[in-house]
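Notes for the structure review
Each chain, written out:
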Amino acid sequence: MIEIKKLTKQADNKLILRGVDLSIKKGETVAILGPNGAGKSTLLKVLATLIKPTSGQVLVNGLDLKKNQIEIKKLLGYLPHSSLLYDHYSPLENLVFFGNIYGVKDVEQKAINLVKEVGLTFFLNEPIKNFSRGMIQRIAIARAIVHDPEVLLLDEPHTGLDQGAISILNNVIVSMKEKGATTLMVTHDFKQAAEICDRVIIVKNGKIVDDFKIENRNLGFVSEKYVLQVEGIS
Amino acid sequence: MNLFRTALFLAKKDLYSELKTKQILTTQIIFAGLVIVVFSFAFDPANNTTKAVIPGVIWVIIVFAGILGLNRSFISEQRNDTMQGLLVAPMEAASIYLGKFLANFAMMLVVEIVSIPFLFLLFDFKFLGSFPYFILVIFLGSFGFIAIGTFLAALAANSKSSEMLLPLLLFPITTPILIGVVQATKIILTNVEKLSSAIAWIQLVTAYDVIFFVVCFLLIDYVLEV
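Residues numbered from 1 in each chain as written. Chains lettered and ligands numbered in written order. Predicted model: local features only at pLDDT ≥ 70, side-chain atom pairs only at ≥ 80, totals over all residues.

**Topic: the packing of helix α3 (residues 54-75) of chain B against helix α5 (residues 93-122) of chain B**
Residue and element names in this part refer to chain B. To be explicit about the condition: Helix axes are fitted to C-alpha atoms over the stretch in contact, other axes to C-alpha atoms as well, and angles between N-to-C directions run from 0 to 180 degrees. Comment: elements are numbered from the N terminus, with helices defined as DSSP H or I runs of at least four residues and strands as E runs of at least two. Here is the rule for handedness: rotate from the far helix to the near one, and if that takes an anticlockwise turn smaller than a right angle the crossing is left-handed, while a clockwise turn gives right-handed. By definition, residues are in contact whenever their C-beta atoms, placed on the basis of the backbone, come within 7 Å of each other.
Packing of α3 against α5 leaves a shortest axis separation of 10 Å and a crossing angle of 145°. Between α3 and α5 the crossing geometry is right-handed. On the side of α3, the interface is formed by Ile54, Val57, Ile58, Ile61, Ile62, Ala65, Gly66, Gly69, Leu70, Ser73 and Phe74, while α5 contributes Lys100, Asn104, Met107, Met108, Val111, Glu112, Ser115, Ile116 and Leu119.

Structure follows, in structure tokens:
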């Protein structure tokens, strides 16, 4: 589903990504771990078409990122730190706007169902500026999946969420996986990574230093590998 | 086709936001009203020479009220990084530009529809010139000013001092448009016998509008990269 070959990204004089090679199969849920400044979010932004790579090739579903941006964007659902939502709009208005841009059919009904799915039906028509961080993140999740994306790109999605919102987010990821969606999740939360992902990639200094599968939600194994690659050396 | 469809959704979103928040249009109309009132105190409407000031006042209103709107246009997309939401959506950068341009242009037209009759009323101005040509000049001047302004607002939005940067970038580039439309407005309102000169100015402004609209349309992709 995603093929990355010799990907580099330079900003000013700093090399943020130093030749990343990565292959992700359709339906895989992959956690990207690494220390701050390792290049995890940059990798995700390159995939989300927000940043142009300096060199290398990125293929999503066989389509070249440089040549087929619009087609690739239709496949992607991106959830960064920020909500990407309009404050003075209600959840319904936000989702209808983004749904329209993605060309979603019967967008209003779809938006109502999504708001219901994230447990905020009661606040359907309230402006989101009055919402708590957890409530905004729930609507942000709904926004990211309003067009049923085939690839979900999540940047630290669990940060600042309460248990209810974490469980909703995990359910969304699992249900998207059941539908065949591929998920890439940048995170510092090993517990969530072990719980919902089937593969972990560790990024350090702009390079992938480890790539392994998780079995039986083994949190200890993930932590051990991380310490070995990141903290053990530094 | 998708380009225009998404641009219209974006313009509709901006106009609906404005309807809800009333931040930009209210400020623009209040500013226009203040300018008209101050000028009406400064120049005696009974004096015939006052009529010569009117073309200048019209464009002072359009330029400065326009900048108030343009400044907010892309800065409003920084809250919650909503610009990223637009950039990851399946739409061309040109579509974002077109959507923002349409919303800014629509708001500018509303300001003009409210303020120009108010100006004529307060200055006791009897319209004797060519009304269709007057409308055409206002339309072309506003089109060019907003087209270039929207592009530069996108450019300036990434700067920390964008509110200062936008006028600095905008005035040198839009000077030919402003000279052309002020001259054409003056001829149409006060000296309609020289209409051929006004038409020459209109042709210059039209050519400038088309060239800069196309250039902005093509270059916006480089400006909007995160």
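Now that the structure is up, let's keep going.
**Notes on the confidence of the model for chain B**
Cut-off, in case you're wondering: On a scale of 0 to 100, pLDDT captures the predictor's confidence in every residue.
Counting all residues, the mean pLDDT for chain B is 90, and 99% of those residues have values of 70 or more. Quick note on the complex model: pTM equals 0.89, ipTM equals 0.88.

**Notes on the interface of chain A and chain B**
Note the threshold: Ten residue types, Ala, Val, Leu, Ile, Met, Phe, Trp, Tyr, Cys and Pro, are classed as nonpolar, four, Asp, Glu, Lys and Arg, as charged, and the remainder, Gly among them, as polar.
The interface is formed by 24 residues belonging to chain A together with 19 residues belonging to chain B. Of all the elements in the fold, those that place two or more residues in the side of chain A that touches chain B are α2 (69-75), β6 (76-79) and α3 (91-101) of chain A. Tallying contributions element by element places α3(A) first for the side of chain A that touches chain B, with 4 residues. For the side of chain A that touches chain B, the per-class residue count stands at 14 nonpolar, 5 polar and 5 charged.

**Considering the packing of helix α5 (residues 133-144) of chain A against helix α6 (residues 163-178) of chain A**
Residue and element names in this part refer to chain A. We count it as follows: Orientation labels follow simple angle bins: below 35 degrees gives roughly parallel, above 145 gives roughly antiparallel, 65 to 115 gives roughly perpendicular, and whatever is left gives oblique.
The N-to-C vectors of α5 and α6 enclose an angle of 10°; their axes lie 10 Å apart at closest approach. The angle between the axes of α5 and α6 places the two elements in the roughly parallel class. Note on element contacts: α6 touches α5 through Ala165, Ile168, Leu169 and Val172, opposite Gly134, Gln137, Arg138 and Ile141. For the contact of α5 with α6, the residue count by class is 5 nonpolar, 2 polar and 1 charged.

**Regarding the environment of A:Tyr78**
Relative to the helices and strands, A:Tyr78 is located in strand β6. A:Tyr78 sits 33 residues away from A:Lys45 along the chain, and the two C-alpha atoms are 9.0 Å apart. With near-sequence residues (within four places) excluded, A:Tyr78 lies in contact with A:Ala48, A:Ala144, A:Leu153 and B:Val88.

**Considerations on the sheet that holds strand β8 (residues 182-186) of chain A**
Residue and element names in this part refer to chain A. Our working definition: When DSSP locates at least two bridges between a pair of strands, those strands are taken to pair.
Taking strand neighbours across the sheet as the criterion, the 6 strands line up as β6-β7-β8-β3-β9-β10 in an open arrangement whose pairing is mixed. Every other strand in the sheet has two partners, leaving β6 and β10 (207-213) as the edge strands with one partner each. On average, each strand axis in the sheet is tilted by 15° relative to the strand beside it, whichever way the strands run. Where helix α1 (residues 40-47) meets the sheet, it contacts β3 (29-33), β7 (151-155), β8 and β9 (199-204), and its direction lies at approximately 145° from that of β8. Together, β6 and β7 form the strand contacts of α5, whose direction differs from that of β6 by roughly 165°.

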